Amino acid sequence: MTFNHSILIVEDEADIVKLLQTVLLKEGFEHVYAAATAEEGWLEFQKRKPDIVILDIMLPDGEGYDVCKRIRSVSNVPIFFLSAKADEIDKILGFAIGGDDYITKPFSPKEVAYRIKARFRRDDFAQEAGQVKPVIKAGPFEYDEQKIELKKLGEIIELKPKELGLFIHLLKHPNQIISKESLYDRVWGEEVFGYDNTVMVHIRRLREKIEADPSAPQYLVTVKGLGYKLVIKDE
Ligand code: CA
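Residues numbered from 1 in each chain as written. Predicted model: local features only at pLDDT ≥ 70, side-chain atom pairs only at ≥ 80, totals over all residues. Heavy atoms only, no water.

I'd love a proper account of the sheet that holds strand S1 (residues 3-10), names of residues and values included.
The strand order across the open sheet formed by five strands is S2-S1-S3-S6-S7, and the pairing between neighbours is parallel. Here the strands that pair on one side only, and so sit at the sheet edges, are strand S2 (29-35) and strand S7 (101-104). Each strand axis lies, on average, 20° off the axis of its neighbour in the sheet, ignoring direction. Both S1 and strand S3 (residues 52-56) contribute to a ladder of four bridges, which runs parallel. Among the inter-strand pairings, leucine 8 is bridged to a residue of S3, identified as valine 53. On top of the sheet, helix H2 (residues 38-48) reaches S1, S2 and S3; it is set at about 145° to S2, its chief contact. Helix H3 (residues 64-72) contacts S3, strand S6 (79-83) and S7 of the sheet and is inclined by roughly 175° relative to S6. (Pairing = 2+ DSSP bridges. Helix = DSSP H or I, 4+ residues; strand = E, 2+ residues; numbered from the N terminus. Axes fitted to C-alpha atoms, helices over the stretch in contact; angles between N-to-C directions. Contact = heavy atoms within 4.5 Å.)

Report on the pattern of salt bridges, specifying residues and quantitative values.
Counting across every chain of the model gives 13 salt bridges. One salt bridge connects lysine 110 with glutamate 27, and the closest N-O pair in it is separated by 3.9 Å. Remark: glutamate 27 occurs in the loop between helix H1 (14-26) and S2 and lysine 110 occurs in helix H5 (residues 109-128); sequence separation between them is 83 residues. One salt bridge in this structure joins arginine 115 and glutamate 111, with 3.0 Å as the shortest N-O distance. Placement of the pair is arginine 115 and glutamate 111 together in helix H5, with a separation of four residues, close to one helical turn. (Salt bridge = Lys/Arg side-chain N within 4 Å of Asp/Glu carboxyl O.)

Now, about helix H7 (residues 180-187): what can you tell me, with residues and values included?
When we look at burial in H7, the residues that qualify are Lys180, Leu183, Tyr184 and Val187. All buried residues of H7 project into a common sector of 100° when viewed along the axis, lining one side. For H7, the exposed residues set more than 90 degrees away from the buried face come down to Asp185 and Arg186. In the core, the buried residues of H7 are packed alongside helix H6 (161-172), helix H8 (195-210) and strand S13 (227-230). (Buried < 20%, exposed > 50% of the residue type's maximum accessible area, 1.4 Å probe, protein only. Arc of directions from axis to C-beta.)

Describe the coordination of the calcium ion, and please don't skip the residues or the numbers.
The protein atoms donating to the calcium ion are Asp12 (OD), Asp56 (OD) and Met58 (O), with metal-donor distances spanning 2.1 to 2.3 Å. Between the donor residues of the calcium ion, the gaps in sequence give the motif D-x43-D-x1-M. Taken together, the residues span a long stretch of sequence, with aspartate 12 in the loop between S1 and H1 and aspartate 56 in strand S3 at a distance of 44 residues. Assessed through its relative accessible area of 33%, aspartate 12 is described here as partly exposed. Here aspartate 56 falls in the buried class, since its relative accessible area comes to 2%. (Donors = N, O, S within 2.8 Å, 3.2 Å for Na, K, Ca; no water.)

Just give me the short version of the packing of aromatic side chains, but keep the residues and values in it.
Going through the model one piece at a time under the given rule, you end up with six aromatic pairs. Aromatic side chains phenylalanine 29 and phenylalanine 120 sit 6.0 Å apart centroid to centroid with 50° between the ring planes, which places their arrangement in the tilted category. Linking phenylalanine 29 in strand S2 with phenylalanine 120 in helix H5, this pair joins segments that are 91 residues apart in sequence. The two residues phenylalanine 29 and phenylalanine 120 agree in class, both being buried. Between the aromatic rings of phenylalanine 81 and tyrosine 102, the centroid separation amounts to 6.4 Å while the plane-to-plane angle is 50°, which identifies the pairing as tilted. Residue phenylalanine 81 is located in strand S6, and its partner tyrosine 102 is located in strand S7; the two are separated by 21 residues in the primary sequence. Just as phenylalanine 81 is buried, tyrosine 102 falls in that class too. (Phe/Tyr/Trp six-rings, centres within 6.5 Å; stacked < 30°, edge-to-face > 60°.)

Talk me through unusual backbone geometry; I want residue IDs and the actual numbers.
Residue proline 106 follows lysine 105 across a cis peptide bond; omega there is -5°. Assignment of secondary structure puts proline 106 in the loop between S7 and H5. Despite not being glycine, leucine 153 has its phi angle at roughly 50°, a positive value. In this fold, leucine 153 is placed in the loop between strand S10 (149-152) and strand S11 (155-157). We note that asparagine 175 has phi near 60°; this positive angle belongs to a residue other than glycine.

Bear in mind that shape data such as this cannot, by itself, settle questions of function.
Below, the structure is given as structure tokens:
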């Protein structure tokens, strides 16, 4: 039996990647991609749009947690953390930022394959039962979480990952005022001085892409002193 689901492994230890790839292939997964750094992992994620991500925590250029946050800002794809550290703290952190499962090294690759299969089965089942709604709709906007694709009136709008992250957060809370801090925290997730300006710059770029007249926004409006709001009128 073969599977159409694709898997992205972000791991810098070549032996582990090879081991996982071999076992997953044997278990019927024909689309297994690999990345060896956090940056490469993020790029591959955007390119491949995998159905599941296996994410190592200690990567040469950063931590898997940060990759997880970046992925979570645009997608609900299942993420399995892979780590040599079994501490409870790590587990809690992993789940708190949106990890779905946790695999501790050394692990049995067969068990990993089974856990992946179990996860896909559960998702397929939920989808059949109508429990999964991968498409968020609000007014003229439609976001497909599976495809990482935003449309306005049926037309695809190309957004940069950070712009998309901002927009999805607003899209999930239409007609609510969202503060700059919370937008910043959601998309960048780190404390940096001057977030105000960063958010403003990205909001401006977003407006250029989603508004008919960016200088007189109809959807993405500023609420003075409080933040932003995505205005969606009842149809
Ligand atoms: Ca590592």
